[in-house]
Amino acid sequence: MERLPPNQRWAEELPVLHIDTVPPFDGVNWDLTVTGLVERPLKLTYGELLALPKVGATMDFHCVTGVSVQDCLWEGVPFGTIVEMAGPKGGYATFQAATFYSTSLALEELEGALLAYRLDGGELPQRHGGPLRLIVPGKYAYKSVKWLARITFTKEKEPGYWESKGYSDAADPWG
Ligand SMILES: Nc1nc2c(c(=O)[nH]1)N[C@H]1C(S)=C(S)[C@@H](COP(=O)(O)O)O[C@H]1N2
Ligand SMILES: [Mo]
C-alpha cells in the first residue's frame, strides 16, 4: 500500500478547513460531555481532561479534497480511556462539535483514536480544533471533528454531517 493514497498530494502545512465557525474558548466555560448508552455519564472540565494520562501519535493527515500532510504529531487522551471511564453499552459513538458539525463511528473503527489537545509540540490552535478534536487513524479527516464537545454512545449509527450528504461512511482514503 502506498503511503500517499490515490488522488492525494502532499502539502507542507495542515490546511485550515471547516464549514462552521470557530467557537469561543476561554478555558473555563468548557466541558466534554459523554452521554447516551453508557453506564457512567461524564462531564469533564478542561482541567480534568488534561489530568488524564496523555499519549502521542504521529500520523499522516488526509483531507478528501486531496490535501495530505505527513507526520502530524497529535497528543491527548486515548479514546479508549473514555470508553473505560464511561462503560458504553452501544456499539457506536457520535462525536458532536460545539457547532452543528458531527460524525459517527463504530467502536471497532476507533482503535488508536485520540482526543487531541496538542499538535506538533504546542497547544492545539483553535483554528485546528482547539481546545479538543477527534483524531482517527487511517480515515479521511472529515471524521476528525474539531471543537469536540459531546460524545454520545448509541446502538445504531447516526450519520454525520458529510456522511449524510453522501460522503463515504467508511472514509477510507485507500478504499
Ligand atoms: N467542527 C468541524 N470539524 C471538522 C470540519 C468542519 O467543517 N467542522 N471539517 C473536517 C475536515 S473535512 C477536515 S479536512 C479537517 C480539517 O482540519 P484542519 O483545519 O485542522 O486542517 O477538519 C475536519 N473536522
Ligand atoms: Mo476535509
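Everything below is about the structure shown above.
Each value, and the rule that gives it
- Residues numbered from 1 in each chain as written.
- Chains lettered and ligands numbered in written order.
- Predicted model: local features only at pLDDT ≥ 70, side-chain atom pairs only at ≥ 80, totals over all residues.
- Heavy atoms only, no water.
- Near = heavy atom within 4 Å.
- Polar contact = N/O pair within 3.5 Å; in protein donor to acceptor, adjacent residues only side chain to side chain.
- Areas by Shrake-Rupley, 256 points an atom, 1.4 Å probe, with all protein chains shown as cover.
- Salt bridge = Lys/Arg side-chain N within 4 Å of Asp/Glu carboxyl O.
- Helix = DSSP H or I, 4+ residues; strand = E, 2+ residues; numbered from the N terminus.
- Buried < 20%, exposed > 50% of the residue type's maximum accessible area, 1.4 Å probe, protein only.
- Pairing = 2+ DSSP bridges.
- Axes fitted to C-alpha atoms, helices over the stretch in contact; angles between N-to-C directions.
- Contact = heavy atoms within 4.5 Å.
- Arc of directions from axis to C-beta.

With respect to spatial proximity, 18 residues lie near ligand 1, and among them Pro15, Leu17, His128, Arg133 and Lys146 are the closest. Contacts to ligand 1 include proline 15, whose backbone N or O atom sits 2.4 Å from an oxygen atom. A distance of 2.5 Å separates an oxygen atom of ligand 1 from a polar side-chain atom of lysine 146. Protein chains shield 97% of the accessible area of ligand 1, which is 530 Å² for the free molecule.

On to the pattern of salt bridges, then. In the structure shown here, the tally under the stated rule is 10 salt bridges. For glutamate 75, the salt bridge goes to lysine 54, with nearest N and O atoms at 3.6 Å. Here lysine 54 lies in the loop between α1 (46–50) and β4 (55–62) and glutamate 75 lies in strand β5 (residues 67–78), a separation of 21 residues in the sequence. Glutamate 75 sits in the buried class, given a relative accessible area of 14%. When its relative accessible area of 44% is taken as the criterion, lysine 54 is described as partly exposed. Between glutamate 163 and lysine 143 there is a salt bridge, and its shortest N-O distance comes to 2.8 Å. Separated by 20 residues along the polypeptide, glutamate 163 in the segment after β11 (148–154) and lysine 143 in the loop between β10 (133–135) and β11 bring together distant segments of the chain. Here the salt bridges do not stand alone but share partners, grouping Glu109, Lys139, Lys143, Lys157, Glu163 and Asp169 into one network.

What follows covers the pairing of strand β7 (residues 102–106). Of all five residues in β7, five are buried, a share of seventy percent or more. In β7, alternate side chains face the same way, and those of Ser102, Ser104 and Ala106 on one face and Thr103 and Leu105 on the other are all buried. Sheet analysis places strand β6 (residues 92–97) next to β7, joined by five bridges and oriented antiparallel. Among the inter-strand pairings, glutamine 96 is bridged to a residue of β7, identified as serine 102. Hairpin connection of β6 to β7: four residues between the antiparallel strands.

A few words now on the sheet that holds β6. The strand order across the open sheet formed by five strands is β3-β2-β11-β6-β7, and the pairing between neighbours is mixed. Every interior strand has two partners, whereas the edge strands, β3 (42–45) and β7, have only one. Recorded for the sheet is a direction-independent mean angle of 15° between the axes of neighbouring strands. Lying over the sheet, helix α2 (residues 79–86) contacts β2 (31–36), β3, β6 and β11, oriented at roughly 55° with respect to β11.

In this section: unusual backbone geometry. Of the consecutive residues glycine 130 and proline 131, the connecting peptide bond is found in the cis state with omega at 15°. Within the element layout of this structure, proline 131 appears in the loop between β9 (122–123) and β10. Within the chain, asparagine 7 stands out as a residue other than glycine whose phi angle is a positive 65°. For asparagine 7, the location among the structural elements is in the segment before β1 (9–10).

Along α2, the residues that are buried comprise Phe79, Thr81, Ile82 and Ala86. One face of α2 carries all of its buried residues, which in axial projection span an arc of 155°. Taken together, the buried residues of α2 touch β2, β3, β5, β6, β8 (114–119) and β11. Note on α2: the residue one or two positions beyond its end, glycine 87, has a positive phi of about 65°.

Remember that the coordinates give geometry; whether it matters functionally is a separate question.
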